[in-house]
Structures are given as C-alpha cells and as structure tokens.
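A closer look at the structure
Here is how the chains run, residue by residue.
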There are 2 protein chains.
Amino acid sequence: MSKVIIVGAGGVGGVVAHKCAQLSETFTEIVLASRTIAKCNKIAADVKELQGREIRTEAIDADDVAATTAFLEKEKPDLLINVALPYQDLVLMDACLAAGVDYLDTANYEPPETPKFEYKWQWAYRERYEQAKRMALLGSGFDPGVTNVFCAYAQKHLFDEIHTIDILDANAGDHGYPFATNFNPEINIREITQNGRYWEKGEWKEVEPMSVKQVYDFPVVGPQDAYLLYHEEMESLCENIKGLQRIRFWMTFSEKYLTHLRVLENVGMTNHETIDFQGQQIAPLEFLRAVLPDPASLGPRTKGKTCIGCDIVGVKDGEPKRVFIYNSCDHQECYKEVRSQAISYTTGVPAMIGASLILDGLWRKDGVWNMEQLDPDPFMERLNQYGLPWEVIEMPVDAEASDVFY
Amino acid sequence: MSKVIIVGAGGVGGVVAHKCAQLSETFTEIVLASRTIAKCNKIAADVKELQGREIRTEAIDADDVAATTAFLEKEKPDLLINVALPYQDLVLMDACLAAGVDYLDTANYEPPETPKFEYKWQWAYRERYEQAKRMALLGSGFDPGVTNVFCAYAQKHLFDEIHTIDILDANAGDHGYPFATNFNPEINIREITQNGRYWEKGEWKEVEPMSVKQVYDFPVVGPQDAYLLYHEEMESLCENIKGLQRIRFWMTFSEKYLTHLRVLENVGMTNHETIDFQGQQIAPLEFLRAVLPDPASLGPRTKGKTCIGCDIVGVKDGEPKRVFIYNSCDHQECYKEVRSQAISYTTGVPAMIGASLILDGLWRKDGVWNMEQLDPDPFMERLNQYGLPWEVIEMPVDAEASDVFY
C-alpha cells in the first residue's frame, strides 16, 4: 500500500504514469501533477484506456516551495517522482524535506541561467536528508540511471577491477522527416557547441566541441557516428567506481542531423533574440518551431531502435576483460504500449523501477544517493521484467580499441 | 548626339548608368527610369559623385504599354536599355515599336507564372521590327551576351568548324557570411531543382537536376564544382553556329552553398505559402529574407573574382583545336568603380557596349537580333576597352575532356 506523486506531464511523465499503473501492488495510489492540468488529464485518459486504471490529476506550481510543501502535506504520498524540468529539482527536494516525503528524479539540477550539469547543489542536501530520515534517489533515468547500474553490476559481478568505461548512447530511430526535433533544438545546439569533457586519472579533460568522434559498431543498430560529449553520470561514477582510470560519454548524431542543425544556426534561425519583421518582434527560433513538424506528430511515425550501453574494460581473475552491457528499445513497440516512443520510454521506465525499489523497501536508505551506490541486482532484474531487457556481450580486449579515434 | 533611356534601377541598372556616363560622346543624354524613383535618385547621386556627370531620373510603370509608349513619345530617345525584370520585356518591346525607339535587353522574356526561358515570344517580333525599321538586340549581358560574342568570334577567327561548346560560369567571390544571396533565393532554388538540359546533334536532352557535375579547372580562380544547367543562350547559339554538334552550360556552386540551400528547402523555410504563426499569416521565405544578411550589405564586402568563358572544340586548317575564351572580373575593383560587385558589373558593361555599338552605327540593323548574329570584332574590342578584358588560351585537345563527368 503506497502512494506516489508524479510531477511533470511531458513525454517522460506519461511513461512513468503508464508504467506505475501497470504495477498495481506497488503503486496503489497514483497522482499525476503539473502546471497544466489538461496535459495530466490527457495522460490519465490514455492510462485508463491502455492500462485500465484510474489515476488522479492535480495542478501544481513546482517553482513554489511553500505551495508544493502544502500540497504534499495534504496528499501525504510515500514518494515524489520528479520528471518536471531540471530547474525545479531543488524546489521539489526542499518541499519533500519539509513535508517528509521521499524524492526521486532523472536529471540533475541546472541553474536556469547558466546550465552547469553538476551534482554539487543536490549533493549539498545529503546531511539534511539523513537527519530527516528521508531518501533522495538522483538520476534514475537511462543515462544517468541504467548506465550507472550497468557499471555497478559490472563492478559487482564481472570484474575484479574496472579500468575504463565508455558510455554509448545511440538513437537509430527515423521519423521520416528531413529534419525535426522531438524536444527543444536549443538543447542539441548547446550539446554540439559546448566543449566535450571526459575524466582520466583524476582529472577532467576538455576537447573542442564535436572534435572527437568514433564510428562505434553497436549491437542491433550497427555502426553509428558517436561524438564525445560531457554527460552528468560521469561525475558520480568517477567517484564511486574504484580503480577507474578513465570514463567517457558518446552520443550518436547522424551527419544529416548535424548538417541541418549547423545550417539553421549559421543563418540565424536558431536565435532567441527577436528580429524586426514587418514591424513585429519575432524570435527566429520561435518561427522555426512553427515551420518544423509538430513534435507531437513524431511519436506515432518514429521507427527503428535505440541502443544504449556501457563498454567496460578491466581485469577479472588476473586476465584482461572487456564487455558491452546494453539495452535496445524499439520506438514503435514503446508507442504501442504507452503512447510514447523510445526516448521517453527509456527514461520513464527506470524512474518507475527506482520508485518501486524504494517503495518495496529493497533500495530504501536515508540520505541522498546516486544509482551506482545501491545494490544493482534487483534493479537489473526489474529491467528485464518491465520492458528494458539487457544483454552482456564479451568484447575483444584490445588496448587501442577505444583510443584510436581522436 | 544620342539619348538613351535606361529602364530598371537595380544592381545592373546602376552599372549601366555609370558606364554610359563614362562615354559622354556616345551617350549625350541619359535618363534612368524605374517604378521607384528613389532608387534612380540614389544611383544618379553615385554617378554624379564617381563619374562627375548629371543624369536625369523618371518614375515609370514598365507593366503599362500605353503609359510607357506615351513616356517614350515625349522623351524621344534613340534607344531604350531594358534592365528591368524579364517579365517586362514584351511590354517594353511593344512600347518601343509604337514609339519608334530601338530596344536592347539582357535576359529573355519569361511569362510571370510559368518561367520558360524561351526566345519564341521575342523572336515573334522579328517581322514587326523589320517593317517598322527598328532594331531589338536581345541578351546583351554576359551570359547571354558576351558568351554569344565569344562563340561568334571563335567561329570567325579561330575555327573552320566548331563541334562543341561548353559555356562555364564561375563566381568564386566570397562575402564572408556563412550564407547569403545577393538576389532572390527562389531563382537559385529553381535552378537547382529543375532538370538540366543540353543540346546534342539537333536534340535537346534532359538530365536530373544537378546530376551532371564536373570539376573544371578555371584560369584565375582554379578548380570549381560546375553543374550542368539549362541557360538561354544555348537556344540561339545552336541555331546560329554552323556545324555545331553539342552545346552545354555549366554553373559553379560551392558544396557549402548547396547544402545551405537544400537544408532551408528541406525544413520549409523557402516556401512561399504562408503558415499560421501566432495567428498571423507569414510566408517562411519572407521571414528567411529578413533573417539573412541584407543583400545591399554584400557589395562592399565581397572579395574574389568571377571567371566566365567558352570552352570550344573544333577544327582549324584540318587539325583538331580547342580554346577557352574568357573574362575574369574582380568584385572589389568593380565595387570601387561603380558601387556594384562583379555579378552586376559583368551584366551591365555588355549592355552599355551593345548600346554604344547601336548608337555609333556599327551594329545598327533593322529587326530582332541575337548577339552572335552581329560582327563580334567591335564588341570584342570594346570589352577590352571598357572593363571586361578577355583572353584566349589554347587547350589540350582530348576527345574525352568534356565527356568524362557524367
């Protein structure tokens, strides 16, 4: 018997609602809350139709600590699942502390003005959560989230010592449009225009934006162009995986996608600042959004698969060893099950699994935790059980393998 | 003592005004006329400043035959130089016939709705111009224009028989922006999206848009990507150059330019049809124009050179022979002389030369004429004299040379 409040009614919020609804023994009462109750109601109707279960909806303002605390005190949930904007993490952590509710999120806090991707703001809550005997589980999505658990699993079962980790994220889906984004194109522009960063022998190293690339031959989806980027899970993994010498993160982008993004940036169509158009002030990015396909139209038409995993090199029983642990997810299968394609699905399912492990007591622990600090076994079991089955494949050990691409 | 009316106050109109002003003996009175008198006045002020001569300006509506005829009857010019829009060719030819004025243009008539690039509408005036004892000189720009004269010169002096002609047009200028156009981007989009066409052994052959490319090693500007396109001068040259077996036209586009144009087309930013933007109807192409650099800003910052010429293969004294006849023009030199870069300069100077040859009597002949039908020698001489010096280089004769690129 437990009650959960899901905050956020975007693509991921929808997946979390559907998946929680499927586990009626763990999630006996579900409330979906966001600023726009219409979005909650749309999801609730889909959940009713596809999962056959009623969930309740509420309007809340996740920027307001006092109002959110009052709401939590009235609702008295066991756990809050935060899949709202990363800017709202701290407000929700404060409200959970004040109201005595456990907390879970999928992406680390970012200050709205200067995106930083750092855990320091959330790690600063450790002592307060311990003293309040509350739990906060950070980054329970796919990456961060599942990728951290893959590393913890490798450390526990597959290696005596891990030397290097390469996290590889491929979306080989195709929506059939020459160009479209299913989220804010600014986020991608930021990704491809800011320096890449990786960690080696205790130090962070920077590389020019998109300057380090490899063609990685993924299982299921085959060879893809993968670019070295910074990604937040490296910050906790480099502290928590003992003996680690290097960790890097790679995301795939097709040449076609990058070309479109760069041209649109070149001509100024991705600018926020308004221009004068026939006496009216219009931001080019806003106009571009109106010209591009409606993101809501992408879900049903996206075909193909994702493949996200960890390529880990180390030593086992005195011998060098290398494995790739991964999940591959099919966009259309996901859409059939929860009306979202695989991008939201791979983030929402791990949020539900993390929540289930807290509520079932298997992961419940006072304090603020990253995923790899908890026992990977029950999480790995539930990935197989609830839609994100994983594989471990042995890889050829080759000292050069992940170094030749600079 | 002769009076000329220049119709059109765009970039080419400006060049024609400056260049006519430089030849005060031939062009004793110059009137610059267009719909927007402010544009005429701006050019007149520049002509006064740079060439030290006064020219008169008038507002006219070149879509209205009766009004234009009345204007010509009042002004009584010896010649009308039409550098307005190609849609207006027939109205101006009608008005010149009615008012008894000679006519010259630089681009063939296009019906406004379905651009056709065909001489048939203008060739239909032949008998009327002969009977009225008036002259119409068609296509006295660079291409058509100078390229036709190059062919006539080759036929007269360099070959006993011409077998193939390849006209090659390279603009190797750089304005320093990632992307900009100095004219309507629609025209380029039409060029790269419609089938290419060339003439061989009495037949027109079509190829897929941009499907035939060669890297041509130009004098002065070096190797450039040149694409086979249709261009209007081929229609008259294939009739007027005896023994011709094939004629093709090639224009250079950089990969970068094509990529930008294709991406903008892909995402819908080059569409005319309006979209709903926050309750307002806006054509994406109009918005794109507002985002791109102001075409007026390109002139002063464009560096580099053009190179346009004819690669001609044939027989002389029983031996195979191949030549390249070309002019190369420097954007910044042109800008210094007439406040326009080389694209307008290379069109405007030949218009002035054609006009000077009519007024001086060297080319004056009743009827409707294409450039290659008149004696090339005085035109070639004036090209050297008035800013477009040309070169003839002997090329290696190689049967494969212009065939291997399909």
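Residues numbered from 1 in each chain as written. Chains lettered and ligands numbered in written order. Predicted model: local features only at pLDDT ≥ 70, side-chain atom pairs only at ≥ 80, totals over all residues. Heavy atoms only, no water.

1. Considering the interface of chain B and chain A
Often the size quoted for an interface is simply the accessible area lost on bringing the parts together. Opposite the 20 residues of chain B that make contact, chain A presents 20 residues. In total, chain B and chain A occlude about 2,000 Å² of area from one another, counting both sides; carbon and sulfur atoms represent 81% of this. It is B:Val267, B:Phe277 and B:Phe287 in chain B that bury the most area against chain A; as a group they hold 31% of the surface buried on that side. There are three residue pairs in polar contact (both at pLDDT 80 or more) connecting chain B and chain A. (Contact = heavy atoms within 4.5 Å. Buried area = accessible area lost by both parts, 1.4 Å probe. Polar contact = N/O pair within 3.5 Å; in protein donor to acceptor, adjacent residues only side chain to side chain.)

2. Some details on the side chain of A:Arg382
All names here are of chain A. Residue position: Arg382 is located in helix α15 (residues 376-385). On the basis of relative accessible area, Arg382 is assigned to the buried category, the value being 13%. Polar side-chain contacts of Arg382 include one of 2.8 Å to the side chain of Ser356. (Helix = DSSP H or I, 4+ residues; strand = E, 2+ residues; numbered from the N terminus. Buried < 20%, exposed > 50% of the residue type's maximum accessible area, 1.4 Å probe, protein only.)

3. Considerations on the side chain of B:Asp311
All names here are of chain B. Mapped onto the fold, Asp311 is located in strand β15 (residues 305-316). Looking at Asp311, its side chain comes within polar contact range of the side chain of Arg322, at 2.7 Å. Filtering out sequence-adjacent residues up to four positions away, Asp311 remains in contact with Thr164, Ile165, Asp166, Leu168, Tyr216, Arg322, Val323, Phe324 and Met395.

4. Quick word on empty space enclosed by the protein
Residue and element names in this part refer to chain B. Following the criterion strictly, the structure yields one cavity of 30 Å³ or more and no others. Space inside the largest cavity adds up to approximately 40 Å³. Every residue along the wall of the largest cavity is listed here: Glu191, Gln194, Asn195, Gly196, Leu229 and Tyr230. Across the lining of the largest cavity, the residue classes break down as two nonpolar, three polar and one charged. (1 Å grid on protein atoms, 1.4 Å probe; cavity = no way out; pocket = protein on both sides within 12 Å on 5 of 7 lines; lining within 4 Å. Points joined across faces, edges and corners; volume = space filled by probe spheres on them. Nonpolar A, V, L, I, M, F, W, Y, C, P; charged D, E, K, R; others polar.)

5. A word on the sheet that holds strand β17 (residues 367-370) of chain A
Residue and element names in this part refer to chain A. Sheet architecture is open: seven strands sit in the order β3-β2-β1-β4-β5-β6-β17, paired in parallel fashion. Edge positions in the open sheet fall to β3 (56-59) and β17, since each of these has one partner strand only. Adjacent strand axes in the sheet meet at a mean angle of 20 degrees when their direction is disregarded. By the bridge criterion, five bridges tie strand β1 (residues 3-7) to strand β2 (residues 29-34) in an arrangement that is parallel. Note that in β2 the partner of Ile5 across the bridge is Val31. (Pairing = 2+ DSSP bridges. Axes fitted to C-alpha atoms, helices over the stretch in contact; angles between N-to-C directions.)

6. Considering the relation of the copies chain B and chain A
The transformation that overlays chain B on chain A combines an axial shift of 0.0 Å with a rotation of 180 degrees, and the residual RMSD is 0.1 Å. Read as a symmetry element, the transformation amounts to a two-fold axis. Relative to the rotation axis, the C-alpha of B:Val263 is the closest in chain B, positioned 3.4 Å from it. Of the residues that chain B buries at the interface, 100% are likewise interface residues in chain A, meaning the two copies contact each other through the same surface. (Least-squares fit on C-alpha atoms with pLDDT ≥ 70 in both.)

7. Here's the deal with the sheet that holds strand β6 (residues 135-138) of chain B
All names here are of chain B. Spatial ordering of the open sheet is given by β3-β2-β1-β4-β5-β6-β17, a layout of seven strands whose pairing is parallel. Every other strand in the sheet has two partners, leaving β3 (56-59) and β17 (367-370) as the edge strands with one partner each. When strand polarity is set aside, the average angle formed by the axes of neighbouring strands in this sheet is 20 degrees. Here β6 runs beside β17; their pairing, made up of four bridges, is parallel. Paired with Met135 across the bridge in β17 is Gly367. Against the sheet, helix α1 (residues 11-22) makes contact with β1 (3-7), β2 (29-34) and β4 (79-82), and its axis sits at roughly 165 degrees relative to β1, the strand it touches most.

8. Looking at the pairing of β15(B)
All names here are of chain B. Sheet topology note: the strand β7 (residues 161-171)/β15 ladder contains ten bridges and is antiparallel. From the neighbouring strand, Leu168 faces β15, where its bridge partner is Gly309. When β15 meets strand β16 (residues 319-330), the two strands line up antiparallel, connected through twelve bridges. Opposite Lys316, over in β16, you have Glu319 as the bridge partner. The turn linking β15 back onto β16 is made up of two residues, and Asp317 within it adopts a positive phi angle of 50 degrees.

9. Quick notes on the domain arrangement of chain A
Residues and elements named next belong to chain A. By domain assignment, chain A separates into domain 1 (3-138) and domain 2 (146-340 + 389-402). Here domain 1 and domain 2 have C-alpha centroids that lie 25 Å from each other. Listed as interface residues are 18 residues of domain 1 and, on the opposing side, twelve residues of domain 2. Taken over both partners, the interface formed by domain 1 and domain 2 buries close to 1,300 Å², and the fraction arising from carbon and sulfur atoms is 46%. Sorting the residues of domain 1 by area buried against domain 2 places Phe117, Tyr119 and Trp123 first, and these three jointly supply 39% of that buried surface. Counting across the interface, domain 1 meets domain 2 through three salt bridges. In this structure, Arg339 engages Glu49 in a salt bridge whose closest nitrogen and oxygen atoms are separated by 3.0 Å. Summed over the shared surface of domain 1 and domain 2, the number is seven residue pairs in polar contact (both at pLDDT 80 or more). Elements with a contribution of two residues or more to the side of domain 1 that touches domain 2: α1 (11-22), α2 (37-51) and α5 (120-123). When residues in the side of domain 1 that touches domain 2 are grouped by element, the largest group, five residues, is from α1. (Domains from an automatic or database assignment. Salt bridge = Lys/Arg side-chain N within 4 Å of Asp/Glu carboxyl O.)

10. Considerations on helix α7 (residues 146-158) of chain A
Within α7(A), ten of the 13 residues are buried, which leaves it mostly tucked inside the rest of the structure. When α7(A) is considered as a whole, its buried residues turn out to be A:Val146, A:Thr147, A:Asn148, A:Val149, A:Phe150, A:Cys151, A:Ala152, A:Tyr153, A:Ala154 and A:Leu158.

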